[in-house]
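# Chains, contacts and geometry: an overview
As a plain string of letters, each chain reads:
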Amino acid sequence: MKSASETIDFIALSPEDIKKKLRELCIALTPDEAIKIQKEILKRPPSIPECILWSIQGSEHSSYKSSREHLKQFVTNGDAVILGPSEDAGIVAIAIDKQGHRYGIVVSHESHNHPSQIVPYEGAATGIGGNVRDVSCMGAKVIANADPLRFGDLQKNTSIQIHDGVVSGIAGYSNPIGVPTIAGDVYYDETYNGNCLVNVVSLGVLREDEIIHSKAPKNAVGYHFILVGKPTDNSGFGGASFASLTLKHEEKEQNRGAIQEPNAFLKRHLLKAHYALFKILKEKDLISKVGFKDLGAGGIACASVELAESGGYGAEVNLDLVPLGMENLHPAVILCSETQERYMWVAPPDVAPLILEHYNTTFDLSHIAAGAKAAIIGKIREDGEYIVTAGGNEIVHAPASLITKGLVYQRPTEQPIRSFLEPDIKEPKNYHETFKKIIAHENVACRAPVYEKYDKQVQGGTIIEPGDGDAGVIAPFLDERYPEELRHIGVALTVDQNPRYCRIDPYWGAVNAIVEAAHNIAAVGATPIAATDCLNFGNPEKPEQMWDFVEGVRGVANAAKHLGIPIISGNVSLYNESNGKPIAPSPIISCIGKMNNVAHATTMHFKKSNSLLFLLGERKDECGGSVYYALSGVLGSRIPKPDMSEVEHRISALHELIQNGVVLAAHDISDGGVAVTLAEMSFQNEIGCDVLIEGKLRPDKLLFSESGGFVIEIPEEHAQAVISQLRNAHTPCSYIGTTTKEKRLRMNGLIDVGLEEA
């Protein structure tokens, strides 16, 4: 084993020798980056731990070196934004109590794609674990999760195995820690055959004056770093830099070392300990005098340097003080391992004993997991230097600000040649059979086999769970610790993105992801108030794939800005490419909505027969990325290109109708078009429908086009008022038919299917 203090003089080596040396040490830097670190940043040969530290802190995952400039397009502030994208999670205001205290929903959105492709169960479970840590370290109680997932062709056994492992991993972690999974979506597409996507959204709740920031507070010189949780081992070593590499199947086994190992039961215990400590710190008026951070990418190194630098300080860390779960670990592994279930506090010396006793004695961490504990491992420095020692030797010494800035690239872009012509799809001879094929398609069929593995009702606040509405709805203030006047407040959560749209046009695919997410929130009766994004794209070093990323960011930014939805948190996941083949551009969006009264929460299911059905939104010839075209194995050029003013009016109008209590059921139009929307509304309560959708388009385009809009169920006595209100709101609407006692789906005289068969 090489000495941790050994330095490497890259300037003295040839480019080929630098590559060989970096490969030998498993350091994810390019030769140019290694030279830059030595020549421009440190101005001396770096040590091995310094090289590893920069490979992690300077990775796409940690430093956003290729994406940072483009993310500046996002609107991240607003009247309701308490905290935008600057710390471990964003916060948006959701309520104010009678004393004038403002309450916020804390949101984190992350990815764990490469680990889940290699070890599906552990990769997905630790993805949940890291995201929950991001929310809890802000001082919040974690109240909900969502899981947007993307898998390969289900005809392939490997896709099925990865799918099953990922879903089991999410269930196997979320369920034991007692956090309900209230939203999610799943798409299957061949572009994910070698690189699945496992994105996670977590929500928390807190009062604004209870926020604990993930940075050192003012006047923190001499404050202690306190490492809390599982003892450090070699799991997850290099995870962040691994996430910035393309996957090669032949290297799958050697990459297993970059996968973390979850311990959900320790996490559950840690959450209880955190919540109790938050209360103590609040009672002692210490909230503003501490900092708290999740140990995720880069482990001890990144947590300590980011806590220090974001407060304007330096830090010193003594690795000899770190509790270990394995013997003979190299100091670089101790410094940068991504061992799960760990956090780091920054606290005044006179508060540190309280924190140590809380975890080690009151909550007796070692009784839950061998070697788990809280320990002081370093302190804040005034001079801005980041210094790490091991065995009495200095192994890292650099300005903290230079480490956190990482590396920055201005990547070239080049529009790829994509020729999507509108195919000549003949009108179906048998609409009955075509419709059955669409509702049986893997991207339409019921997701119950996924979400029924999750605990959706733990904590007792879930109002609408997966399968019942376009978004999950939760009442976050039912706990007696919150003022009674907040009990009726609801929060809606949804996720969305269609990979087929993004394959055709990443800009409009991203626009549709924002629009669809906002539609989902509106359909349950909430108002969209904030969004997060996880930008999953291919290799940024390839100009065509970088162009996809730039266009996707532009689409998200423009659509969110037009709808007045700030982006308060997010993640960039690049290098989602396997053996040279990139995934479909995948800007996955989550949207958070506010509901003033959860009594108005609206599901998608028809409520009674003889109700009137109205269609909101014009049907257009936009089948390009549709499930209908997928039956023929083709992509077309005409994907939905929503008019944002119409979308805004439509969302506002539907929200007002639901608040007025005249909407029995609402469902947005997406995959499979109006025909699938109506079917999904019919199944739960076994109420049929008889509709006629009119327009200038061919009948198959009217029924299966995926242009955005809603179908709503209205009591007959409210019909005229609804029509008048929608017209005043400049929202195209049309009466299309009724619900029926007969358990059949009848559409345009072309489809006549029994509900049981469907």
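When you go through the chain residue by residue, the secondary structure sums to 25 helices and 28 strands. Relative to the 2.2 N^0.38 estimate, which gives 27 Å for 758 residues, the radius of gyration of the chain is 26 Å and therefore close to what a compact globule would have. Its C-alpha atoms give the chain principal-axis dimensions of roughly 80 × 60 × 40 Å. Of all 758 residues assigned to the chain, the portion counted as buried reaches 62%. Here the analysis covers contacts within the chain between residues at least 6 apart in sequence; of these, 83% occur between residues at least 24 apart. Per element, the accessible surface of the chain, about 27800 Å² overall, is 47% carbon and sulfur. Put simply, the chain has 71 plus and 95 minus side-chain charges, and the middle of one group is 1 Å from the middle of the other.

Along the chain, the position of Thr494 falls in strand 16 (residues 490-496). Among the polar contacts listed, one links the side chain of Thr494 to the side chain of Asn520, at a separation of 3.0 Å. The contacts of Thr494, once residues within four sequence positions are left out, are Ala183, Asp470, Ala471, Ala517, Asn520, Ile521, Ile589, Ser590 and Cys591.

Another aspect to go through is the sheet that holds strand 6 (residues 197-207). Strand pairing within a sheet occurs via backbone hydrogen bonds; the two strands may be parallel or antiparallel. With mixed pairing, 6 strands are arranged side by side in an open sheet as 1-2-3-6-4-5. With partners counted over all chains shown, the strands left at the sheet margins are strand 1 (81-83) and strand 5 (181-188), one partner each. Within this sheet the neighbouring strands show an average axis-to-axis angle of 25°, counted without direction. Pairing of strand 1 with strand 2 (residues 90-96) involves 2 bridges; the strand directions are antiparallel. Among the inter-strand pairings, Val81 is bridged to a residue of strand 2, identified as Val92. Running over the sheet, helix 8 (residues 157-177) touches strand 4 (141-151), strand 5 and strand 6 and is turned about 180° from strand 4.

Judged by nonpolar contacts, the single largest core of 62 residues is most densely connected at Leu149, Trp345 and Tyr359. For this core, the element with the most residues is helix 10 (residues 264-283), which contributes 8 residues. In this structure, Tyr359 is in contact with Val228, Leu270, Ala273, His274, Leu277, Phe292, Trp345, Asp364, Leu365 and Ala374, ignoring residues within four places of it in sequence.

The subject of this paragraph is the pairing of strand 5. For strand 5, the tally of buried residues reaches 7 of 8 residues, placing the bulk of the element in the interior. Inspection of the sheet shows strand 4 paired to strand 5 by 7 bridges, in the parallel sense. If you follow Ala146 over to strand 5, its bridge partner there is Ala183. One crossover worth recording links strand 4 to the parallel strand 5 by way of helix 8, and it is right-handed.

A complete count under the given rule lists 0 disulfides for this structure. Free cysteine: Cys137, not disulfide-bonded; nearest cysteine sulfur from Cys302 at 14 Å. Just so you know, Cys302 is unpaired, no disulfide at all, and the nearest cysteine sulfur is the one on Cys336, 6.5 Å from it. A residue is classified by how much of its surface remains accessible, and Cys302, at 2% relative accessible area, is buried.

Let's shift gears to unusual backbone geometry. A negative phi angle characterises most non-glycine residues, just as the trans form characterises most peptide bonds. Unlike most non-glycine residues, Cys26 shows phi in positive territory, near 55°. By secondary structure assignment, the location of Cys26 is in the loop between helix 1 (15-24) and helix 2 (31-42). A positive phi angle, near 80°, is found at Gln459, a position not held by glycine. Along the polypeptide, Gln459 turns up in the loop between helix 17 (448-451) and strand 14 (462-464). For Gln459, a relative accessible area of 37% gives the class partly exposed.

Running from N to C, helix 16 (residues 431-440) and helix 23 (residues 673-683) point in directions that differ by 70°, and their axes come no closer than 10 Å. With respect to helix 23, the axis of helix 16 lies roughly perpendicular. At the point where helix 16 passes helix 23, the crossing takes the right-handed sense. Contact residues: Phe435, Ile438 and Ile439 in helix 16; Ala675, Val676 and Ala679 in helix 23. Looking at side-chain class alone, the contact of helix 16 with helix 23 contains 6 nonpolar, no polar and no charged residues.

Within the secondary structure, Leu745 sits in strand 27 (residues 744-747). Overall, Leu745 belongs to the buried group, its relative accessible area being 0%. Those residues in contact with Leu745 that lie beyond four places of it in its chain are Phe435, Leu678, Ala679, Ser682, Phe683, Cys689, Ile751, Asp752, Val753, Leu755 and Ala758.

Strand order in this open sheet of 7 strands is 23-25-22-26-24-27-28, and the pairing throughout is mixed. Pairing within the sheet leaves two strands with one partner each, and these edge strands are strand 23 (665-668) and strand 28 (751-754). Here the strands of the sheet are splayed against their neighbours by 20° on average, with no regard to which way each runs. Alignment of strand 24 (residues 688-691) against strand 27, held across 3 bridges, turns out to be parallel. Within strand 27, the residue paired with Cys689 across the bridge is Leu745. Along the sheet face, helix 16 touches strand 27 and strand 28 and points at about 55° away from the line of strand 28. Packing against the sheet, helix 25 (residues 719-728) makes contact with strand 22 (612-616), strand 25 (710-714) and strand 26 (733-740), and its axis sits at approximately 5° to strand 22.

Turning our attention to helix 10. In an α-helix there are 3.6 residues to a turn, and that puts residues three or four apart on one side. Between the first and last C-alpha of helix 10 there are 29 Å, a value that for 20 residues agrees with the 28 Å anticipated at 1.5 Å per step. All of the buried residues in helix 10 are Ala264, Leu266, Lys267, His269, Leu270, Leu271, Ala273, His274, Leu277, Phe278 and Leu281. After helix 10 finishes, the residue Asp285 shows a positive phi value of roughly 55°.

Moving on to the packing of aromatic side chains. Summed over all chains, the structure comprises 15 aromatic pairs. Members of the aromatic cluster, connected to one another through ring pairs, are Tyr275, Phe278, Phe292, Tyr343 and Trp345. Cation over ring: Arg411 sits above Tyr409, and NZ or CZ is 4.0 Å from the ring centre.

Let's shift gears to the pattern of salt bridges. Enumeration according to the criterion identifies 32 salt bridges in this entry. Residue Lys436 is joined to Glu433 by a salt bridge in which the shortest nitrogen-to-oxygen separation is 3.4 Å. Taken together, the positions of Lys436 and Glu433, both in helix 16 and 3 residues apart, correspond to about one turn of that helix. When the shortest N-O distance is used, the salt bridge between Glu742 and Arg746 registers 2.9 Å.

Take helix 3 (residues 48-57) next. In terms of residue burial, helix 3 counts as a mostly covered element, since 10 of its 10 residues are buried. Within the sequence span of helix 3, burial applies to Ile48, Pro49, Glu50, Cys51, Ile52, Leu53, Trp54, Ser55, Ile56 and Gln57.

With that settled, the discussion passes to the packing of helix 22 (residues 644-659) against helix 25. One way to put it is that helix 22 packs onto helix 25 with a least axis distance of 9 Å and a crossing angle of 150°. In terms of orientation, helix 22 lies roughly antiparallel with respect to helix 25. Helix 25 is crossed by helix 22, and the crossing has right-handed handedness. Side by side, helix 22 and helix 25 meet where Ala653, Glu656 and Leu657 of the first sit next to Val722, Gln725 and Leu726 of the second. Of the residues that constitute the contact of helix 22 with helix 25, the class distribution is 4 nonpolar, 1 polar and 1 charged.

This part takes up the environment of Leu697. Relative to the assigned elements, Leu697 resides in the loop between strand 24 and helix 24 (699-704). For Leu697, a relative accessible area of 24% corresponds to the partly exposed category. Beyond its immediate sequence surroundings of up to four residues, Leu697 is in contact with Arg619, Lys620, Asp621 and Leu702.

What counts and how
- Residues numbered from 1 in each chain as written.
- Predicted model: local features only at pLDDT ≥ 70, side-chain atom pairs only at ≥ 80, totals over all residues.
- Heavy atoms only, no water.
- Helix = DSSP H or I, 4+ residues; strand = E, 2+ residues; numbered from the N terminus.
- Rg over C-alpha atoms; globule rule 2.2 N^0.38 Å.
- Buried < 20%, exposed > 50% of the residue type's maximum accessible area, 1.4 Å probe, protein only.
- Contact = heavy atoms within 4.5 Å.
- Areas by Shrake-Rupley, 256 points an atom, 1.4 Å probe, with all protein chains shown as cover.
- Lys, Arg positive; Asp, Glu negative; His and termini not counted.
- Charge placed at Lys NZ, Arg CZ, Asp CG, Glu CD.
- Polar contact = N/O pair within 3.5 Å; in protein donor to acceptor, adjacent residues only side chain to side chain.
- Pairing = 2+ DSSP bridges.
- Axes fitted to C-alpha atoms, helices over the stretch in contact; angles between N-to-C directions.
- Core = buried A, V, L, I, M, F, W, Y, C linked by side-chain atoms within 4.5 Å.
- Right-handed = clockwise from strand over helix to strand, strands pointing away.
- Disulfide = S-S within 2.5 Å.
- Parallel < 35°, antiparallel > 145°, perpendicular 65-115°, else oblique.
- Left-handed = near helix turned anticlockwise from the far one by under 90°.
- Nonpolar A, V, L, I, M, F, W, Y, C, P; charged D, E, K, R; others polar.
- Expected span 1.5 Å × (residues − 1).
- Phe/Tyr/Trp six-rings, centres within 6.5 Å; stacked < 30°, edge-to-face > 60°.
- Lys NZ or Arg CZ within 6 Å of the ring centre and 35° of its normal.
- Salt bridge = Lys/Arg side-chain N within 4 Å of Asp/Glu carboxyl O.

By themselves, these figures tell us nothing about what the structure is for.
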